[in-house]
Amino acid sequence: MSKEPIILGIESSCDDTSAAILQGQKILSNVIANQQIHALYGGVVPELASRAHQQNIIPVVDSAIKKANITKEDITAIAFTKGPGLLGSLLVGSSFAKSFAMGMNIPLISVNHMQGHILSHFIDEGKPMPQFPFLCLTVSGGHTQIVKVDSPIKMQVIGTTIDDAAGEAFDKSAKILGLPYPGGPLIDKLAKNGNIHAFEFGKPKIKKLDFSFSGLKTSILYKIQNNMNENPHFIEEKLEDLCASIQHSIVTILLNKLQKAIKQTGIKEIAIAGGVSANSYLRSELNKLGTEKKLNLYTPKFEYCTDNAAMIAITGYFKYLNKDFAMQSETPSARLLF
Ligand code: KG4
Ligand code: ZN
């Protein structure tokens, strides 16, 4: 085996329990256990998420080690998600990681989940990686950020949402349409046969590089309520058009701000990350923008868009090189900033 460090990454910030093994920047395994239980409730139920993490964590880590074809003694360091996320969920992953680090007498590394999403671009898949500095539009269920990334450890949030996140806008719109959680992938699918101009919704007027999605949500709700009063079958008759128009509104808000950030910073290296970066319409509109503005675009593999431990392991790798280790007394943080 080469001398590159072997990092075990643990992700448990929301409703996915994941463990991954990386050697250097190369992936050896990435195991994810999704929690189906939340679909019954239309959103993630924190208490149930913590309990499911507790059940999943050992089998998931065990499977990641086996799939990587290593033994636990080969692991150089363990990295875990410190936050942001659901506290009960984070506690399961962090407690496991601390015990593992102590038991195996290896370094412990704490990782910011949002930095993990960004650094997933540095998992070596044989594809070109972003050059520094680059801009990353990180769009997930809990966050919407434009980040200026100067190095794997130096990055700055230059725009963020003042209310809902982009993924939340997808999920809440889906809920209004009666679709199950998480609604983002379903809207993406249904929108493919819809007309993006069928419906107009309110547009936010937010200064600087910040985002807002709560007005859009209200505008969608009122439009649907008004139409349902006249035609109780409105949603089922217009579902694809509604999905296409909603998706178009969300993606337009995101790309308008990204364009503004590109203009302000002059940076043409552009990455997207987070669950919503799996969205096919966001990807195709970004590609159009890229051709028009001569941008170098980086889109993650689908596997690394939504929550996964490979992104935690790669961040752990960079922190390991920097000897940035965590103490056993480190505690998770639901609202971790960077
Ligand atoms: O990054 P992620 O897995 O978890 C958080 O850190 O929040 O993102 C989950 C979010 C959910 O809101 C989900 O609806 C959204 O990503 N999502 C999508 C798509 N796939 C996942 N949204 C739109 N289109 C998709 N294809
Ligand atoms: Zn995430």
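Everything quoted here is computed from the prediction, not taken from an experiment. All residue numbers here refer to positions counted from 1 along the written sequence of the relevant chain. Chain letters start at A and ligand numbers start at 1, both assigned in the order the entries are written. Per-residue local features of the predicted model are confined to residues with pLDDT of at least 70, and side-chain atom pairs are confined, for both listing and counting, to 80 or more; whole-chain, interface and lining totals are unaffected and use all residues. As a rule here, side-chain values come from all non-hydrogen atoms in the structure, and water together with hydrogens is ignored.

Secondary structure elements are taken from DSSP: a helix is a run of H or I of four residues or more, a strand is a run of E of two residues or more, and numbering for both begins at the N terminus. Within the protein chain, the regular secondary structure consists of nine helices and ten strands. Its C-alpha atoms give the protein chain a radius of gyration of 20 Å, near enough to 20 Å, the size a compact globule of 338 residues would have. Dimensions of the protein chain along its principal axes, counting C-alpha atoms only, are 65 × 45 × 30 Å. Between buried and exposed lies partly exposed: a residue is buried under 20% and exposed over 50% of the maximum accessible area for its type, with that area taken using a 1.4 Å probe on protein chains only. The 338 residues of the protein chain split such that 52% are buried. Contacts are assigned to residue pairs that have any heavy atoms within 4.5 Å of one another. Nonlocal contacts in the protein chain, meaning residues at least 24 apart in sequence, comprise 73% of its contacts between residues at least 6 apart. If you sum the accessible surface of the protein chain, you get close to 15,300 Å²; carbon and sulfur atoms cover 54% of it. Positive charges come from Lys and Arg alone, negative charges from Asp and Glu alone, with His and the N- and C-terminal ends not counted. Here the site of a charge means NZ on Lys, CZ on Arg, CG on Asp, or CD on Glu. Each charge class in the protein chain was averaged separately, 34 positive and 30 negative side chains, and the resulting centres sit 6 Å apart. For this measure, only C-alpha atoms enter the radius of gyration; the expected value for a globule follows 2.2 Å times N^0.38, where N is the number of residues. Here, Shrake-Rupley sampling with a 1.4 Å probe gives the accessible areas, and only protein chains in the shown set may cover a residue.

Glancing now at the site of ligand 1. As a structural note, the neighbourhood of ligand 1 is formed by 20 residues, with Gly141, Asp171, Asp188, Asn279 and Asp307 the closest of them. Here Gly142 contributes a backbone N or O atom positioned 3.3 Å from an oxygen atom of ligand 1. At 2.9 Å, a side-chain N or O of Asp188 approaches a nitrogen atom of ligand 1. Here ligand 1, which alone exposes 550 Å², has 89% of that area covered by the protein. The set of elements that each furnish at least two residues to the shell around ligand 1 consists of helix H3 (113-119), helix H4 (166-176) and helix H5 (183-191). Class assignment for the residues of the shell around ligand 1 results in six nonpolar, eleven polar and three charged. For this description, a residue counts as near a given molecule or strand if any of its non-hydrogen atoms is within 4 Å of it. Two N or O atoms count as a polar contact when they lie within 3.5 Å, although within protein this holds only if one can serve as hydrogen donor and the other as acceptor, and sequence-adjacent residues are included solely when both atoms are side-chain atoms. Only Asp, Glu, Lys and Arg are considered charged in this grouping, and only Ala, Val, Leu, Ile, Met, Phe, Trp, Tyr, Cys and Pro are considered nonpolar; every other residue, Gly among them, is considered polar.

Looking now at the pairing of strand E3 (residues 26-34). Any two strands between which DSSP finds at least two bridges are classified as paired. Of the pairings in the sheet, the one linking strand E2 (residues 16-23) to E3 comprises eight bridges and is antiparallel in character. Paired with Asp16 across the two strands is Asn34, which belongs to E3. Connecting E2 to the next strand, E3, in antiparallel fashion are two residues, including Gly24 with a positive phi near 60°.

As a further point, take the side chain of His113. Of note, His113 is situated in helix H3. Engagement of the side chain of His113 in a polar contact is seen with the side chain of Glu11, the distance being 3.0 Å. Reaching out from His113, the side chain makes a polar contact with the side chain of Asp307 at a distance of 3.1 Å. Excluding its chain neighbours within four sequence positions, the residues that come into contact with His113 are Glu11, Ser13, Thr81, Gly83, Pro84, Asp307, Met311 and Ile312.

The next point concerns the coordination of the zinc ion (ligand 2). A 2.8 Å cut-off from the metal defines N, O and S donors, relaxed to 3.2 Å for Na, K and Ca; water is not in the atom list, so some sites may appear incomplete. Taken together, His113 (NE2), His117 (NE2) and Asp307 (OD) make up the protein donors of the zinc ion (ligand 2), found 2.0 to 2.1 Å from the metal. Just to be clear on the cut-offs, tetrahedral is four donors with all angles between 85 and 135 degrees, square planar is four donors and octahedral six with opposite donors over 155 degrees apart and all others between 65 and 115, and anything else goes down as irregular. Coordination at the zinc ion (ligand 2) is irregular: its four donor atoms span angles of 94 to 144° at the metal. Donor residues for the zinc ion (ligand 2), ordered by position in the chain, follow H-x3-H-x189-D. Of this pair, His117 sits in helix H3 while Asp307 sits in the loop between strand E10 (296-298) and helix H9 (310-321), placing them 190 residues apart in sequence.

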